[in-house]
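# A closer look at the structure
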Amino acid sequence: MPFRSAMAANDGTRAGFEAARQAGHLVAPGGTVIALAVAVPYVAAINRWAGECLVTPEQVAAPGADHLGRVVLNVRARESAEQACMQMPPDIASRAHVVTGATHEVLLAAAADVDLVVMGSHGGGRLLGMAIPSAATEMLRHAPCSVLVARPPFDSQRFPARIAVAVDGSDGSLAALAVARQMVACSGGAIHATVITAGRVPAQAVAAGGGG
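Residues numbered from 1 in each chain as written. Predicted model: local features only at pLDDT ≥ 70, side-chain atom pairs only at ≥ 80, totals over all residues. Heavy atoms only, no water.

## Focus on the environment of Ala166
By the element assignment, Ala166 lies in strand β8 (residues 162–167). As a C-alpha pair, Ala166 and Ala198 span 32 residues in sequence and 7.7 Å in three-dimensional space. For Ala166, the contacting residues outside a window of four places in its chain are Ser173 and Ile196. (Helix = DSSP H or I, 4+ residues; strand = E, 2+ residues; numbered from the N terminus. Contact = heavy atoms within 4.5 Å.)

Here's what the structure looks like:
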């Protein structure tokens, strides 16, 4: 695979673990995946992590509840990141990392040190992302590296099996095509790539090693 390192964003949900599984299968053997969980202060304030309460109603009413919520949030985030590392294939190194801050700011900073960022999808949709900027939308717009929004279902024996590459002759689309070609080559032909062309596209961009 063309990716030597990846970051899998994890928030303790199924979508976050899906991101970890797919990241582990997109990194070259011997590569590294960082399972990054973001402990957002707002999450502690609303007392939720992965759909569960951080502290009980009795604890919320007790003195020091805010501090306790932040402590438990960091523990839950660490546990989620470590569980995400368990999703990796045996030939992929992984490490759990927890960072406190605004999600999109933390992820953008971390993206500077990896080849690929993988994030889960929570089904908000692109229009919602445009109206209320989500972390995934911000990463797709501004990340300095490749970004994948991971969606289920995941089959470790066949992932990825097919890739569609949209090419319009722009530098960005040709870079995407180059990555697809590398993935096909590294898979030994197990991946089928289809190129979808639009506009004035160079002749050499018509095929992507096994597609048409």
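## Considerations on the nonpolar core
With 57 residues, the main nonpolar core has Val33, Trp49, Leu73, Leu107, Val117, Met119 and Met139 as its most contacted residues. Looking at this core, the element that brings in the most residues is strand β2 (residues 27–39), giving eight residues. The contacts of Val117, once residues within four sequence positions are left out, are Met7, Ala111, Met139, Cys145, Ser146, Val147 and Leu148. (Core = buried A, V, L, I, M, F, W, Y, C linked by side-chain atoms within 4.5 Å. Buried < 20%, exposed > 50% of the residue type's maximum accessible area, 1.4 Å probe, protein only.)

## Topic: the sheet that holds strand β1 (residues 3–10)
Taken together, five strands build an open sheet; the order of strands is β5-β2-β1-β6-β7 and the sheet is parallel. Of all strands in the sheet, those with a lone pairing partner are β5 (93–100) and β7 (146–150), marking the two edges. Taken pair by pair, the neighbouring strands of this sheet meet at an average axis angle of 25 degrees, ignoring direction. The sheet contact formed by strand β6 (residues 116–120) and β7 spans five bridges and is parallel. Note that in β7 the partner of Gly120 across the bridge is Ala150. Against the sheet, helix α1 (residues 14–26) engages β1, β2, β6 and β7, with an angle of about 175 degrees to β1. Of the strands in this sheet, β6 and β7 are in contact with helix α7 (residues 135–142), which crosses β6 at around 155 degrees. (Pairing = 2+ DSSP bridges. Axes fitted to C-alpha atoms, helices over the stretch in contact; angles between N-to-C directions.)

## A word on the packing of helix α5 (residues 103–111) against α7
Contact geometry of α5 with α7 gives a least axis separation of 9 Å together with a crossing angle of 35 degrees. The chirality of how α5 crosses α7 is right-handed. Between α5, through Thr103, His104, Leu107, Leu108 and Ala111, and α7, the contact on the second element is made entirely by Ala135, Glu138, Met139 and His142. (Left-handed = near helix turned anticlockwise from the far one by under 90°.)

## Side note on the side chain of Ser80
Along the chain, the position of Ser80 falls in helix α4 (residues 65–85). Look past the residues within four positions of Ser80 in its chain and what remains in contact with it is Asn10, Gly12, Phe17 and Trp49.

## Remarks on the confidence of the model for the protein chain
Close inspection of predicted coordinates is inappropriate for parts of the model with low pLDDT. For the protein chain, per-residue confidence averages 84 on the pLDDT scale, and residues scoring 70 or more make up 87% of the total. Counting contacts from residues 124–133, a segment whose pLDDT is below 50, to residues more than four positions away or on other chains yields four contacts. The low-confidence segment residues 208–212 (pLDDT under 50) makes 14 contacts with residues lying over four places distant or belonging to another chain. (pLDDT = per-residue confidence, 0-100.)

## Overview of the side chain of Asn47
Structurally, Asn47 is set in the loop between α2 (41–46) and β3 (48–49). The exposure class assigned to Asn47 is buried, which follows from its relative accessible area of 15%. Polar contacts involving the side chain of Asn47 include one to the main-chain amide nitrogen of Val55, which spans 2.8 Å. (Polar contact = N/O pair within 3.5 Å; in protein donor to acceptor, adjacent residues only side chain to side chain.)

## Describing the pattern of salt bridges
Per the counting criterion, the structure on display carries two salt bridges. In this structure, Arg141 and Glu138 form a salt bridge, with 3.9 Å as the shortest nitrogen-oxygen distance. Here the residue Arg141 and the residue Glu138 both occupy positions in helix α7, the gap between them amounting to three residues, near one helical turn. For Arg141, a relative accessible area of 43% puts it in the partly exposed group. (Salt bridge = Lys/Arg side-chain N within 4 Å of Asp/Glu carboxyl O.)

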